[in-house]
Amino acid sequence: MEFLLENILNMVGFLVGLAIGIMSHIGFRNTGSPTLFRLSIAFFSISAGFFIIWSGYMLEDFVTKTGSIERWIQTLGIAIQTAGYFFIAFSHSIKSFFPKSSYFRSVGIIPLFLVSSVQLEHIFRSVSFILLAYGAIETMLSYFENRNKGAISVAVGLGLLALGEFVGWYSFVFPESILYPVSMIIKIGGLVALFIPVSKVPLTKMKFDDLE
Amino acid sequence: MAEYRTHMKIIGDILATTRDDLQDEDGASVTYLIRKANISHSRISTILKTLVSQGLLEKVDNQGFNKYKISQPGREFLEAYYTFTNFADNFGLSI
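As the structure is a computational prediction, the values presented were derived from the model and not from experiment.

1. Some words on the overall build of chain B
Across its full length, chain B carries four helices and three strands. Shown N-terminal to C-terminal, the secondary structure of chain B runs as helices and strands in the order α-β-α-α-β-β-α. Its C-alpha radius of gyration of 14 Å places chain B within 12% of the 12 Å reference for a compact globule of 95 residues. Across chain B, the fraction of contacts at a sequence separation of at least 24, relative to all contacts at a separation of at least 6, is 53%.

2. Considerations on the pattern of salt bridges
All names here are of chain A. Using the criterion set out here, one finds seven salt bridges over all chains in the structure. The partner of Arg-71 in a salt bridge is Glu-121, with the nearest N and O atoms 2.6 Å apart. Of this pair, Arg-71 sits in helix H3 (residues 71-91) while Glu-121 sits in helix H6 (residues 117-146); the two residues are 50 residues apart in sequence, bridging distant segments of the chain. By relative accessible area, Arg-71 is classed as partly exposed at 35%. Since its relative accessible area comes to 1%, Glu-121 is described here as buried. Measuring nitrogen to oxygen at the nearest pair gives 3.3 Å for the salt bridge that ties Arg-125 to Glu-165. In this pair, Arg-125 sits in helix H6 while Glu-165 sits in helix H7 (residues 149-170), placing the two residues 40 residues apart along the sequence. The burial state of Arg-125 is the same as that of Glu-165; both residues are buried. Here the salt bridges share partners, and the residues they tie into one network are Arg-71, Glu-121, Arg-125, Glu-165 and Lys-187.

3. Section: the interface of chain A and chain B
Between chain A and chain B, the contact holds 32 residues from the first and 19 residues from the second. Approximately 2,100 Å² of surface area, both sides summed, lies buried where chain A meets chain B, with 71% of it carried by carbon and sulfur atoms. Seen at the junction of chain A and chain B, the total is zero salt bridges. Of all elements in the fold, only helix H1 (2-31), helix H2 (34-64), H6, H7 and helix H8 (179-199) of chain A reach the threshold of two or more residues within the side of chain A that touches chain B. Residues belonging to the side of chain A that touches chain B are distributed by class as follows: 16 nonpolar, 14 polar and two charged.

4. Quick notes on the sheet that holds strand S3 (residues 65-70) of chain B
Residues and elements named next belong to chain B. Spatially, the three strands line up as an open sheet ordered S1-S3-S2, and their pairing is antiparallel. Where the open sheet ends on each side, the last strands, each with one partner, are strand S1 (28-29) and strand S2 (57-62). Two strands pair when backbone bridges link them, and S2 and S3 are joined in this way by six bridges, in the antiparallel orientation. Of the residues in S3, the one forming a bridge with Val-60 is Lys-67. Relative to S3, helix H1 (residues 7-20) is tilted by about 90°, and along the sheet it contacts S2 and S3.

5. Some remarks on the confidence of the model for chain A
All names here are of chain A. Here chain A averages 84 in pLDDT, while 83% of its residues score no lower than 70. At the level of individual helices and strands, chain A shows its lowest average pLDDT in helix H5 (residues 111-114), which scores 54, and its highest in H7, which scores 93. In this model residues 94-98 is a low-confidence stretch, pLDDT under 50, and it forms five contacts with partners more than four residues away in sequence or in other chains. Scored below 50 in pLDDT, residues 208-212 shows 11 contacts in the model against residues more than four places distant or in partner chains.

6. What to know about a nonpolar patch on the surface
Residues and elements named next belong to chain A. Together, Phe-129, Ile-130, Leu-163, Phe-166, Trp-169, Tyr-170, Phe-172, Val-173 and Phe-174 make up a nonpolar patch on the protein surface, roughly 810 Å² of accessible area in all. Breaking the nonpolar patch down by element, the ones donating at least two residues are H6 and H7. Per element, the largest residue contribution to the nonpolar patch is four residues, and it comes from H7. Mapped onto the fold, Tyr-170 is located in helix H7.

Quick notes on the rules
Residues numbered from 1 in each chain as written. Chains lettered and ligands numbered in written order. Predicted model: local features only at pLDDT ≥ 70, side-chain atom pairs only at ≥ 80, totals over all residues. Heavy atoms only, no water. Helix = DSSP H or I, 4+ residues; strand = E, 2+ residues; numbered from the N terminus. Rg over C-alpha atoms; globule rule 2.2 N^0.38 Å. Contact = heavy atoms within 4.5 Å. Salt bridge = Lys/Arg side-chain N within 4 Å of Asp/Glu carboxyl O. Buried < 20%, exposed > 50% of the residue type's maximum accessible area, 1.4 Å probe, protein only. Buried area = accessible area lost by both parts, 1.4 Å probe. Nonpolar A, V, L, I, M, F, W, Y, C, P; charged D, E, K, R; others polar. Pairing = 2+ DSSP bridges. Axes fitted to C-alpha atoms, helices over the stretch in contact; angles between N-to-C directions. pLDDT = per-residue confidence, 0-100. Patch = residues over 30% accessible without salt bridge, like charges linked within 9 Å, V, L, I, M, F, W, Y side chains within 5 Å. Areas by Shrake-Rupley, 256 points an atom, 1.4 Å probe, with all protein chains shown as cover.

Structure below.
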């Protein structure tokens, strides 16, 4: 059951991320907008992260047959997804996230080298949760300004992904419980909600052109 | 309070004016664009120069005065601009 849900989640994540990333990239090529460039990096990263985890599961199922995914592959996939979530949050002008002092910035990276890959996964999941919650709140606030209905769906999508991350992280406290499958179902719902407004963008007239 | 406009939005406003809101068939004068797009003379001069060099606007010499008309690539750019403005709006962002 968990294996099936993991595969569905990672495939849906890969495809949704790729579709939104391609759309953002077409937008960037047509308009030169830096916002669309950041969005394309964000969603290509998210797509790559899901693909790496899916590859890890396939590798385990068909090659190594150890019964569980290689921990470093899972951590790498989650780290790349977190980078994608960062670029979504960054697009909302997340300027006060890092300390201004270069000393504190350099020291801030050190803990990443001092912890095991399992703890790294927890760190990335918690950072993802914060970034997703931030993105969801900012998107919802923009809805109150513009009343664009698509923003509700994206805010709900990001919110569900954040909730899924939180429940998934919490399932480490209660292993073997229903929490982990629930977290994956919530995340799949979030990805679908993210894709709904984007699927309505008419791209039939769009084309790559040579405008620099 | 005045709304903050990105560089892209200003370009969109200028192109929209030259497409939908022309004074006459010859095109729009710089003064008219300044008023419609609500932008300073020094800034619009640079932007118009760029848009003409990119082929998005056509400069027409009208009895010693320069007027500007949107070109076909300009129309396509404007369509793309509206489409992706809507796309970015879904994420609560402006392009």
